[in-house]
Amino acid sequence: MFKDCSQQEAKEQILERVAHYFETFHSNNNGLQPGSRIPYASRVYDHREMVNLVDSALEFWLTSGRYTEEFEKKFAQYLGVRYCALVNSGSSANLIAFWSLTSLLLGERAIKRGDEVITVAAGFPTTVAPILQFGAVPVFVDITIPQYNIDVESLERALSSKTKAVMIAHTLGNPFDLRTVKSFCEQHNLWLIEDNCDALGAQYTLNGEERCTGTIGDIGTSSFYPPHHMTMGEGGAVYTNNSLLAKIIKSLRDWGRDCECPSGTDNLCRHRFDRQYGELPLGYDHKYVYSHFGFNLKATDMQAAIGCAQLEKLPGFIQSRRHNFSRLKAALEQISNKLILPEPCPESIPSWFGFLMTCKEENRRNNLVQYLEKRGIQTRMLFAGNILRHPCFDELRKTGTGYRVIGELPNTDRVMNDSFWVGVYPGMTNEIIDYMAEMIKEAVELQ
């Protein structure tokens, strides 16, 4: 078939056919078809993602390569940060973000085992897991309703001589009170990690400057799992403006290696064989010198190739999410006496991941959710609800060690018992949003 073609000509023919394949077999897979189940989220893509994916596969580099470099550069530019490291998932991003703060390169500010980190129990477990996995102590504070983010009035009560950091998420795309949290961290010389996995594209105005969430703290993280604002299938990112943290992040991602040369590249520093490291012999190959006990959490170039195409669509995705959220909220205002509707954080422009509601009457949520599910509307809880109530905390709860709790967390338990959410992702049409609104109103009135 390619006998008389150059390699480049052959590739162009293949990619042209891939685009045609998409138009023939995949173009109707975006969005929702009449009568189909309404998921809370789904991927939205076109031929460019598929062409990029095949282009990367034809190169057969497989590990991180030119698409990874392109994505890291463009994603950092989009966020307005200096450094970005692509990883294989949002959970890995949170792992790397936290463990980077344990590096001995940070001196007295390094987090040590037994140090405390302020966080919340309402959310996704991998915001908390890295703290426990390292051996630090999470200190759980309550959230507020209807923002569903950290109750900043609990911060001072959570503080102790062992506190080293705050690590919290922007819940379902709604920024937490960054002004207060940032000020608290600066006042007490604490690190701030923003789990931005559900809030990519959200904006917050601080000191008169509008900035993307994830870029105001010391480190931000993103997830590119299919339900999120953009997708690579699996994937995540860690980003910062701090050059030392950026060096640590990439070292931990790449086995703990001291060398910063990318895969397939040697001796960028021109000192590969002439330096002394630890107790190694002089001139030991820098490519195999390890400054941290790290991981291998790199993404593949095929993931990055999809991400490059998705990143072009991201502004439109975010605009659609905001539109869908606003339309749904306007339609549900008439039942705000039965449901607590979500409210944005002051001084923010959220990038909504979902539409979270809380039943005003107790013991109503399950019947309401089942009513919607039977009518084809997929629902979700606020992830763990209260992570402290889960089996993974059984042993810690028995011994009473490994974590602290500030107060009774009444709002966290309220969310666990009475809250649920539906999607607002870009594949939803006005008709779908209106249908969801009608079904929610119908379900509430029948309770």
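All values reported here derive from a predicted model rather than from experimental measurement.

A. Quick look at the overall build of the protein chain. Helix and strand counts for the protein chain come out as 13 helices and 14 strands. Principal axes of the C-alpha set define a box for the protein chain whose edges measure 75 × 65 × 45 Å. For the protein chain, restricting intrachain contacts to residue pairs at least 6 apart in sequence, the fraction spanning at least 24 positions comes to 74%. For the protein chain, the exposed surface amounts to about 20,200 Å²; the carbon and sulfur share of it is 51%. Charge-centre separation for the protein chain: the mean point of 46 positive side chains lies 2 Å from the mean point of 53 negative side chains.

B. Main features of the environment of Thr221. Here Thr221 is to be found in strand 8 (residues 219-223). A relative accessible area of 0% places Thr221 in the buried class. Linking Thr221 and Arg321, residues 100 residues apart in sequence, is a C-alpha distance of 20 Å. Not counting chain neighbours up to four residues away, the residues in contact with Thr221 comprise Ala93, Asn94, Ala97, Glu194, Asp195, Asn196, Cys197, Ala237 and Tyr239.

C. Summary view of the sheet that holds strand 14 (residues 419-423). On the basis of which strands lie adjacent, the open sheet formed by 3 strands has the order 10-12-14 and antiparallel pairing. The open sheet has two edge strands with one neighbour each: strand 10 (339-340) and strand 14. As paired elements, strand 10 and strand 12 (residues 354-359) share 2 bridges and run antiparallel to each other. Looking at the pairing, Leu339 lines up with Cys359 of strand 12. Lying over the sheet, helix 9 (residues 301-332) contacts strand 12 and strand 14, oriented at roughly 25 degrees with respect to strand 12. Each of strand 10, strand 12 and strand 14 is contacted by helix 13 (residues 430-446), which is oriented at about 155 degrees to strand 14, the strand it contacts most.

D. Summary view of the pairing of strand 4 (residues 163-169). Here strand 4 lies mainly inside the structure; 6 of its 7 residues are buried. Direction of pairing for strand 2 (residues 116-120) relative to strand 4: parallel, over a ladder of 3 bridges. Bridge pairing in strand 4 places Ile118 opposite Val166. Sheet analysis places strand 4 next to strand 5 (residues 191-195), joined by 5 bridges and oriented parallel. Its bridge partner lying in strand 5, Val166 is registered against Leu192.

E. The pattern of salt bridges, seen in detail. Under the counting rule described, the total for this entry stands at 29 salt bridges. The partner of Arg37 in a salt bridge is Glu373, with the nearest N and O atoms 2.7 Å apart. One end of the pair, Arg37, is in the loop between helix 1 (7-25) and helix 2 (47-59); the other, Glu373, is in helix 10 (residues 365-374), with 336 residues separating them in the sequence. For Glu373, a relative accessible area of 24% corresponds to the partly exposed category. Salt bridges sharing common partners tie together Asp46, Arg48, Glu49, Glu312 and Lys313.

F. The arrangement of the sheet that holds strand 2 in detail. Within the open sheet, the 8 strands sit side by side as 1-9-8-5-4-2-3-13. Their pairing is mixed. Either end of the sheet is taken by a strand with one partner, and the two such strands are strand 1 (83-87) and strand 13 (404-405). Across 3 bridges, strand 5 lies against strand 8 in parallel orientation. Note that in strand 8 the partner of Ile193 across the bridge is Ile219.

G. Molecular detail of the side chain of Glu194. If you trace the backbone, Glu194 turns up in strand 5. Put simply, Glu194 is tucked away with no salt bridge, and the nearest opposite charge, on Arg211, sits 6.8 Å away. Reaching out from Glu194, the side chain makes a polar contact with the side chain of His170 at a distance of 2.8 Å. Here Ile216 takes part through its backbone nitrogen, which lies 2.8 Å from a polar atom of the side chain of Glu194.

H. Quick peek at helix 13. A rise of 1.5 Å per residue sets the reference length of helix 13, with its 17 residues, at 24 Å; its end C-alpha atoms lie 24 Å apart and thus fit the reference within 8%. Regarding helix 13, the residues found buried are Ile432, Ile433, Met436, Ala437, Met439, Ile440, Lys441, Ala443 and Val444.

I. The arrangement of the packing of aromatic side chains in detail. Tallied over the full model, the rule gives 18 aromatic pairs. Consider the rings of Phe124 and Phe383, whose centres lie 5.4 Å apart with planes at 90 degrees: the pair is edge-to-face. Placement of Phe124 in the loop between strand 2 and helix 5 (129-134) and of Phe383 in the loop between helix 10 and helix 11 (394-399) is noted, with a sequence separation of 259 residues between them. Judged by relative accessible area, Phe124 falls into the partly exposed class, the value being 45%. Connected via pairs of aromatic rings, a cluster forms that spans Tyr40, Phe124, Phe353, Phe383 and Trp421. Across from the ring centre of Tyr67, 4.3 Å away, lies the NZ or CZ of Arg66, which sits over that ring. Taking the ring centre of Trp191 as reference, the NZ or CZ of Arg109 above it sits at 3.7 Å.

About the cut-offs
- Residues numbered from 1 in each chain as written.
- Predicted model: local features only at pLDDT ≥ 70, side-chain atom pairs only at ≥ 80, totals over all residues.
- Heavy atoms only, no water.
- Helix = DSSP H or I, 4+ residues; strand = E, 2+ residues; numbered from the N terminus.
- Contact = heavy atoms within 4.5 Å.
- Areas by Shrake-Rupley, 256 points an atom, 1.4 Å probe, with all protein chains shown as cover.
- Lys, Arg positive; Asp, Glu negative; His and termini not counted.
- Charge placed at Lys NZ, Arg CZ, Asp CG, Glu CD.
- Buried < 20%, exposed > 50% of the residue type's maximum accessible area, 1.4 Å probe, protein only.
- Pairing = 2+ DSSP bridges.
- Axes fitted to C-alpha atoms, helices over the stretch in contact; angles between N-to-C directions.
- Salt bridge = Lys/Arg side-chain N within 4 Å of Asp/Glu carboxyl O.
- Polar contact = N/O pair within 3.5 Å; in protein donor to acceptor, adjacent residues only side chain to side chain.
- Expected span 1.5 Å × (residues − 1).
- Phe/Tyr/Trp six-rings, centres within 6.5 Å; stacked < 30°, edge-to-face > 60°.
- Lys NZ or Arg CZ within 6 Å of the ring centre and 35° of its normal.

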